[in-house]
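What follows is each chain in one-letter form.
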Amino acid sequence: MHHKPPLPSQSMNDPLDGDVQAFLTDEEQLHTYDDLTKVNPVTPTTVLRCLQARYRVHMFYTHAGCTLVALNPFRPVPDLYSLDVMKEYHHCPQPQESKPHIFIVAEEAYRNVQGQVEPVDQSLVVSGESGAGKTWTSRCLMKYYATVASSSSLETSQNTVERIERRVLDSNPIMEAFGNACTLRNNNSSRFGKYIQLQLDRCQLLVGASVQTYLLEKTRVANQPTNERNFHIFYQMMKGATDEQRLEWMMSPGQTFQWLPNADKTVEEDCFSDTLEAMDHLGVDSDRQKQIFTILAGILQLGNVTFSTWTDESQPCNLTEESKDFLLRAAELLCVPADDLQTSLRVRTLRAGKHQVLKPCSQTECSVRRDCLAKVIYAELFEWLVMFINNSICADQSTWSNFIGVLDVYGFECFQMNNLEQLCINYANEKLQQHFVAHYLKAQQEEYVSEGLEWSFVRYQDNQSCLDLMEGSPTSVFSLLNEESRLNRASDAKTFRVRLEKELSENANISWNKFSTEPHFTVSHYAGRVEYQIHGMVEKNKDPVPPELISLLQSSKNPLIQHIFAEKDDGKQTSKGLSKVTVVSKFKNSLENLMKILHSTTPHYTRCIKPNQDCQPLTFRKDEVILQLEACGIVETIHISAAGFPLRIPFDTFLHRYGVICRHSPGVDSVVNGNNDLKKEVEHLLRVVFQQRAGPSHHLDRDKHNTLVHCGKTKVFLTQFMLDLLEDQRRRILSQCAFSIQCCWLRFQRRRRRARRQSATLIQAVVRSWLVRRQVLRWNRAAAVIQNTWRKWRTLLRSLAEAELDDAQDLAEESAPVPTPMASGRGSVQLSSLQEPVPVRAWPLGLALASAPSITVSLTASGFHKMVSAMASLSLPSRRGSYKVETNQCTRELASIRAQPKGSVKLHCQRSPLLYADRHPDLKSDITGFNEILLEKTL
């Protein structure tokens with residue numbers, strides 16, 4: 001079960017009510033929507049919720065019409081880009097019916113080439129901000145084509161394709177090492193734009209490739225933003241070099257470099273061996289590699305050169321003591337004379353006609369010239385690498401017929417401090433956004449045409465005014481910037497700001513903050529407002545390279561430096577000629593060439609989204625994502641869609657939801673002449689809605705209604721107002737139906753409750769009667785058992801009592817001695833007066849004890865008869881409690897009452913050991929037990 005996301009902020013609230021939202025966008029099913037156009041209505045809120053729901057269940061790709069939205073998971077996903085997945089999408093009959101994936105975009109473009117669909121050439125535009133995954137997506141696309149386009153049955157062709165595939169894939173590590181850097185937003189941020197053309201022959205096999213680059217951020221070589229790093233290649237050298245290589249590059253153990261901040265931080269791209277292996281596969285021999293890394297080591301040594309405070313303006317600025325050794329190392333690594341290097345950094349040459357004047361440079365100027373030397377060397381080295389890669393992987397024009405281009409371009413940038421680099425990057429994004437909007441609008445209009453709609457009403461606000469501000473003619477930001485750069489004087493930021501305000505104040509896309517102390521201007525881009533600082537912008541646009549530095553590099557003994565700077569200007573050209581080529585002009589020309597290529601190809605857009613700025617795995621932050629959706633054009637696409645009919649519902653779904661309006665409207669037939677034509681039923685339903693809204697006395701205005709709703713061939717196209725109208729009538733009818741249902745339901749509940757109460761009463765009565773009958777039967781059976789048992793017990797006790805008198809007749813036959821007068825008078829026997837043993841036979845023990853109450857008698861009762869007699873004697877009223885009986889009397893040498901006593905014997909009785917002494921077989925008298933039988937005459 002998915003946790004529902006919290007409600008968005010007020011600015012993103014959906015105007016629809018909850019029930020409409022449930023109908024158009026089921027929260028529990030959002031992750032199943034593989035296309036954002038299926039989410040109705042298409043608003044920033046619904047798009048954001050859909051992406052969040054899919055990201056939660058590890059679905060990182062989602063279609064957005066003609067665009068693929070890719071969310072960065074920030075962790076490896078097993079089997080998401082495996083070879084089996086590539087083959088699955090390549091052999092799938094309908095890739096669009098599969099789950100959204102970057103391979104669907106790649107396969108669609110590849111099949112367009114195979115089918116020769118005009119225009120045959122394809123372009124895959126990958127955009128997004130730094131850290132969104134553009135570089136990784138470009139890798140996956142190149143790997144896909146290198147795998148798919150290499151499936152050939154010919155062995156020779158297979159070997160050729162494998163060689164080209166290897167070289168194309170190996171170009172990535174080199175370009176990333178020299179053109180990517182670790183920034184605050186991304187550990188592998190591309191600091192340049194590139195367009196890679198994958199060249200295919202007539203059999204759609206990969207035979208070559210070419211790379212075009214745009215605007216390398218060469219200022220990073222000498223100036224790194226806070227908490228960011230330089231290009232990857234420098235850190236690869238420091239961490240992956242052997243001791244022999246470090247000795248060759250004059251890097252002493254433990255040496256640090258000013259231009260390598262955050263050297264302790266390790267990223268995945270710090271793999272020097274991968275770069276060396278890629279160079280080997282591309283054909284860069286060991287000598288050329290040695291020259292490349294020697295130049296890079298010289299740039300690092302150059303960064304440690306610092307200059308002392310300049311006091312005498314007539315003398316050149318001196319080096320600090322610790323910098324002299326670094327200068328010597330840099331000169332030796334760059335293969336230039338140390339004195340010439342020091343002079344070119346400290347002294348500049350001024351030309352006055354045919355004469356040259358040497359002027360010492362200030363401390364700041366020396367640092368600027370040092371940075372300029374490092375930047376020009378690195379930039380030219382990077383261009384040479386790109387040219388070498390193209391020569392290595394590019395096929396001859398006659399061998400390839402079509403291409404698939406992969407454009408990895410920088411995303412929209414807005415920082416606290418924005419300068420010329422951000423202005424050019426955002427200008428490129430404006431151009432691409434205009435191309436994307438035109439392409440998307442074309443796709444939308446094609447859908448309208450296929451459904452039979454008039455699409456001329458679709459209105460949208462494009463970004464042409466912003467482009468006119470930046471590149472328009474005759475006056476624009478770029479034209480004024482180039483004009484300021486051509487002036488042979490030091491630039492003034494405040495003066496340039498005043499000129500911008502004077503020339504461009506009529507354009508609504510530019511503004512100024514009058515309370516700001518720093519000269520700036522603010523441009524309203526399609527993705528938001530960006531404030532650009534003017535200070536330093538003109539100098540960056542000039543990008544001046546002192547001619548003495550070019551001359552110095554041309555005199556280098558390093559073969560690679562000689563080759564790179566052999567065709568460069570030697571400084572003889574006039575300053576007017578030099579000023580014609582500015583950074584803005586070069587970038588604008590290259591971007592125009594790129595746009596010509598894109599317009600001549602079929603574009604496929606992939607928008608990479610960064611779910612969070614901290615690069616945390618599987619963490620989705622809505623506020624950050626919605627800003628990127630706006631910046632990359634998804635929200636703008638939504639706005640364009642909203643200009644027409646943003647809601648598109650199939651006929652069957654529309655009738656299923658709103659058919660209740662016809663069924664429950666008074667005086668309206670719910671069936672149109674018994675016809676099953678869905679379109680006619682929909683049109684009939686819409687007429688009913690308009691009649692109820694306008695009333696029976698109003699006539700239908702067809703033209704007005706066509707602006708609210710239109711019936712296509714398979715769908716109903718609605719505006720937001722029309723949807724609200726339908727929902728209002730549906731809600732009113734449902735309220736009436738709900739009231740009727742509630743009445744019927746309450747009546748049904750009461751009837752059912754009464755029937756259940758009667759049934760419960762009857763069941764309880766039946767159960768109680770059954771329980772009583774069962775209890776009575778149990779009592780009767782128990783009483784019978786008790787009676788039978790009691791009768792048997794009473795019979796047994798009586799038989800036992802009769803057995804006590806078994807020798808009564810024998811006692812009567814024997815002659816008993818004549819008792820003494822005392823005994824006769826008292827009615828008892830006084831055993832102590834008998835000198836001789838007197839047999840007391842046929843006398844019950846109780847009678848004997850009663851006759852001699854003052855005499856203590858001890859006896860041992862043995863056998864059942866004597867024990868019963870002893871028991872009976874204990875129940876005498878006159879002697880109760882006076883006798884104590886001890887068991888096991890046979891130890892007292894008295895075996896029977898019939899024998900003569902041998903002396904006084906004490907009788908102890910704590911509790912009767914006899915089994916039947918306490919039984920009461922008859923309750924007719926107070927004396928119970930055998931006492932009644934034995935003592936009835938005595939008492």
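Quick caveat, the model's predicted, so the values are computed rather than measured.

Student: Any chance you could explain the overall build of the protein chain here in plain terms?
Tutor: A count of helical and extended segments in the protein chain gives 34 helices and 19 strands. By the burial criterion, 49% of the 939 residues in the protein chain qualify as buried. For the protein chain, restricting intrachain contacts to residue pairs at least 6 apart in sequence, the fraction spanning at least 24 positions comes to 71%. When the accessible surface of the protein chain is totalled, it reaches about 48,800 Å², and 52% of it is carbon and sulfur.

Student: Hey, could you run me through the sheet that holds strand 6 (residues 193-200) in this one?
Tutor: Strand order in this open sheet of seven strands is 1-2-14-3-10-6-7, and the pairing throughout is mixed. Pairing within the sheet leaves two strands with one partner each, and these edge strands are strand 1 (61-64) and strand 7 (206-214). The mean angle between the axes of side-by-side strands here comes to 20 degrees, regardless of whether they run parallel or antiparallel. Note that strand 6 and strand 10 (residues 402-408) share seven bridges and pair antiparallel. Opposite K194, over in strand 10, you have D408 as the bridge partner. Contacts from helix 5 (residues 134-148) reach strand 3 (122-127), strand 6, strand 7, strand 10 and strand 14 (602-609), with the element oriented near 155 degrees to strand 3.

Student: Looking at this structure, I do not really get the sheet that holds strand 15 (residues 647-650). What am I missing?
Tutor: The pairing of strands in a sheet comes from backbone hydrogen bonds and takes either a parallel or an antiparallel form. Read across the sheet, three strands follow the order 15-17-16 without closing on themselves; strand pairing throughout is antiparallel. The sheet terminates laterally at strand 15 and strand 16 (709-711), the two strands that pair on one side only. Adjacent strand axes in the sheet meet at a mean angle of 20 degrees when their direction is disregarded. Pairing of strand 15 with strand 17 (residues 715-718), which is carried by four bridges, proceeds in the antiparallel orientation. When the bridges of strand 17 are listed, P650 appears paired with K715. Helix-sheet contacts for helix 25 (residues 651-658) involve strand 15 and strand 17, and the interaxial angle to strand 15 is about 90 degrees.

Student: Looking at this model, I keep getting lost on the packing of helix 7 (residues 232-240) against helix 10 (residues 286-303). Mind explaining?
Tutor: Two elements in contact, helix 7 and helix 10, have axes separated by 11 Å at closest approach and are oriented at 100 degrees. Considering their axes alone, helix 7 and helix 10 lie roughly perpendicular with respect to each other. Seen from helix 7, the contacting residues are I233, F234 and M237; seen from helix 10, they are F293, L296, A297, I299 and L300. Taken together, the residues that form the contact of helix 7 with helix 10 break down as eight nonpolar, no polar and no charged.

Student: Would you mind going over helix 12 (residues 338-346) with me for this structure?
Tutor: Along an α-helix, residues three or four positions apart point the same way, because every turn accommodates 3.6 residues. For helix 12, the full list of buried residues reads L341, S344, L345 and R346. Packed against the buried residues of helix 12 are helix 10, helix 11 (323-334), strand 8 (347-352), strand 9 (355-360), helix 13 (363-393) and helix 19 (547-554).

Student: What am I meant to see in a positive patch on the surface here?
Tutor: Taken together, the side chains of R747, R750, R751, R752, R753, R754, R756 and R757 make up a positively charged region of the molecular surface. Within the secondary structure, R747 is located in helix 29 (residues 720-804). Of the residues examined, R747 reaches a relative accessible area of 42% and is grouped as partly exposed.

Student: What am I meant to see in the pattern of salt bridges here?
Tutor: Between side chains of opposite charge, pairing is possible as soon as their charged atoms come close. In this structure the tally under the stated criterion is 23 salt bridges. Taking the shortest distance from any N to any O, the salt bridge between R499 and E483 comes out at 2.5 Å. Within this pair, whereas R499 is found in helix 17 (residues 493-504), its partner E483 is found in helix 16 (residues 477-486), the two being separated by 16 residues in sequence. Accessibility expressed as a relative area gives 25% for R499, which makes it partly exposed.

Student: What am I meant to see in the environment of R111 here?
Tutor: Tracing the sequence through the fold places R111 in helix 4 (residues 102-114). You can call R111 partly exposed: its relative accessible area is 25%. When the C-alpha atoms of R111 and H90 are compared, they prove to be 9.3 Å apart, with 21 residues separating the residues in sequence. If near-sequence neighbours (up to four positions away) are discounted, R111 is found in contact with Y89, H90, H91, C92, P93 and P95.

Student: When you look at a nonpolar patch on the surface in this model, what are you seeing that I'm missing?
Tutor: Together, I741, W745, L746 and F748 make up a nonpolar patch on the protein surface, roughly 420 Å² of accessible area in all. Secondary-structure assignment places F748 in helix 29.

Student: How should the confidence of the model for the protein chain be read in this particular structure?
Tutor: Note that predicted coordinates carrying low pLDDT should not be read in detail. Mean pLDDT over the protein chain: 78, with 74% of residues reaching 70 or higher. Confidence scores differ between elements of the protein chain, with helix 21 (residues 575-578) showing the lowest mean pLDDT of 41 and helix 10 the highest of 94. Scored below 50 in pLDDT, residues 874-925 shows 91 contacts in the model against residues more than four places distant or in partner chains. Scored below 50 in pLDDT, residues 934-939 shows 12 contacts in the model against residues more than four places distant or in partner chains.

Student: Mind showing me how you'd approach the nonpolar core here?
Tutor: A general tendency of soluble globular proteins is for nonpolar side chains to be buried together. F178, I292, L296, I299 and Y378 are the most contacted members of the largest nonpolar core, which has 128 residues in total. By residue number, the principal contributor to this core is helix 13, which donates 14 residues. Excluding anything up to four places from it in sequence, I299 contacts V221, F234, W259, A374, I377 and Y378. Y195, V437, L504 and A527 belong to the second-largest nonpolar core, a separate cluster that totals 53 residues.

Student: Can you walk me through unusual backbone geometry in this structure?
Tutor: Leaving glycine out, the prevailing phi sign among residues is negative, and the prevailing peptide bond configuration is trans. Between S473 and P474 the backbone carries a cis peptide bond, its omega angle lying at 10 degrees. Its place among the elements puts P474 in the loop between helix 15 (464-471) and helix 16. The phi dihedral of H58 falls on the positive side, at around 65 degrees, and the residue is not glycine. Note on placement: H58 falls in the loop between helix 2 (44-56) and strand 1. On the accessibility criterion, H58 (42% relative accessible area) is partly exposed.

Student: Sorry if this is basic, but what is going on with the pairing of strand 7 here?
Tutor: Every regular strand shows the same layout, with side chains that alternate between the two sheet faces. Burial of strand 7 is extensive: seven of the nine residues sit out of reach of the surface. Two elements, strand 6 and strand 7, share eight bridges in a ladder whose sense is antiparallel. Across the sheet, the residue bridging to K194 is T213, located in strand 7. The antiparallel hairpin formed by strand 6 and strand 7 contains five residues in its connecting segment, where Q204 sits at a positive phi of about 60 degrees.

Student: What is the right way to look at the environment of I733 in this model?
Tutor: Among the structural elements, I733 can be located in helix 29. Separated by 69 residues in sequence, I733 and H664 have C-alpha atoms that sit 6.9 Å apart. Contacts of I733, omitting those with residues within four sequence positions, involve V660, I661, H664 and S665.

Student: Just checking my understanding: could you explain the packing of helix 12 against helix 19 for this structure?
Tutor: The angle between the axes and the distance between the axes are what describe a pair of packed helices. The geometry of helix 12 relative to helix 19 is characterised by a closest axis approach of 9 Å and an angle of 165 degrees between their N-to-C directions. Comparing the axis directions of helix 12 and helix 19 gives the class roughly antiparallel. Regarding helix 12 and helix 19, the two cross each other, and that crossing is left-handed. Here helix 12 contributes D340, L341, S344 and L345 to the contact with helix 19, which in turn contributes E548, L549 and L552. Residues that form the contact of helix 12 with helix 19 fall into these classes: four nonpolar, one polar and two charged.

Student: Looking at this model, I keep getting lost on the side chain of R54. Mind explaining?
Tutor: Relative to the helices and strands, R54 resides in helix 2. Beyond its immediate sequence surroundings of up to four residues, R54 is in contact with L30, H31, T32, Y33, D34, M59, Y61, T62 and P100.

Student: Before we go on, may I ask you to explain the packing of aromatic side chains in this structure?
Tutor: In this description, a pair of aromatic rings is defined by centroid distance and the angle of the planes. Scanning the model with the defined rule gives 24 aromatic pairs in all. Seen from their ring centres, F192 and F382 are 5.1 Å apart, and the 70 degrees between their planes marks the pair as edge-to-face. Placement of the pair is F192 in the loop between strand 5 (189-190) and strand 6 and F382 in helix 13, with a sequence separation of 190 residues. Accessibility expressed as a relative area gives 2% for F192, which makes it buried. Centre to centre, the rings of W745 and F748 are 5.5 Å apart; their planes meet at 35 degrees, and the pair counts as tilted.

Procedures and definitions
- Residues numbered from 1 in each chain as written.
- Predicted model: local features only at pLDDT ≥ 70, side-chain atom pairs only at ≥ 80, totals over all residues.
- Heavy atoms only, no water.
- Helix = DSSP H or I, 4+ residues; strand = E, 2+ residues; numbered from the N terminus.
- Buried < 20%, exposed > 50% of the residue type's maximum accessible area, 1.4 Å probe, protein only.
- Contact = heavy atoms within 4.5 Å.
- Areas by Shrake-Rupley, 256 points an atom, 1.4 Å probe, with all protein chains shown as cover.
- Pairing = 2+ DSSP bridges.
- Axes fitted to C-alpha atoms, helices over the stretch in contact; angles between N-to-C directions.
- Parallel < 35°, antiparallel > 145°, perpendicular 65-115°, else oblique.
- Nonpolar A, V, L, I, M, F, W, Y, C, P; charged D, E, K, R; others polar.
- Patch = residues over 30% accessible without salt bridge, like charges linked within 9 Å, V, L, I, M, F, W, Y side chains within 5 Å.
- Salt bridge = Lys/Arg side-chain N within 4 Å of Asp/Glu carboxyl O.
- Lys, Arg positive; Asp, Glu negative; His and termini not counted.
- Charge placed at Lys NZ, Arg CZ, Asp CG, Glu CD.
- pLDDT = per-residue confidence, 0-100.
- Core = buried A, V, L, I, M, F, W, Y, C linked by side-chain atoms within 4.5 Å.
- Left-handed = near helix turned anticlockwise from the far one by under 90°.
- Phe/Tyr/Trp six-rings, centres within 6.5 Å; stacked < 30°, edge-to-face > 60°.

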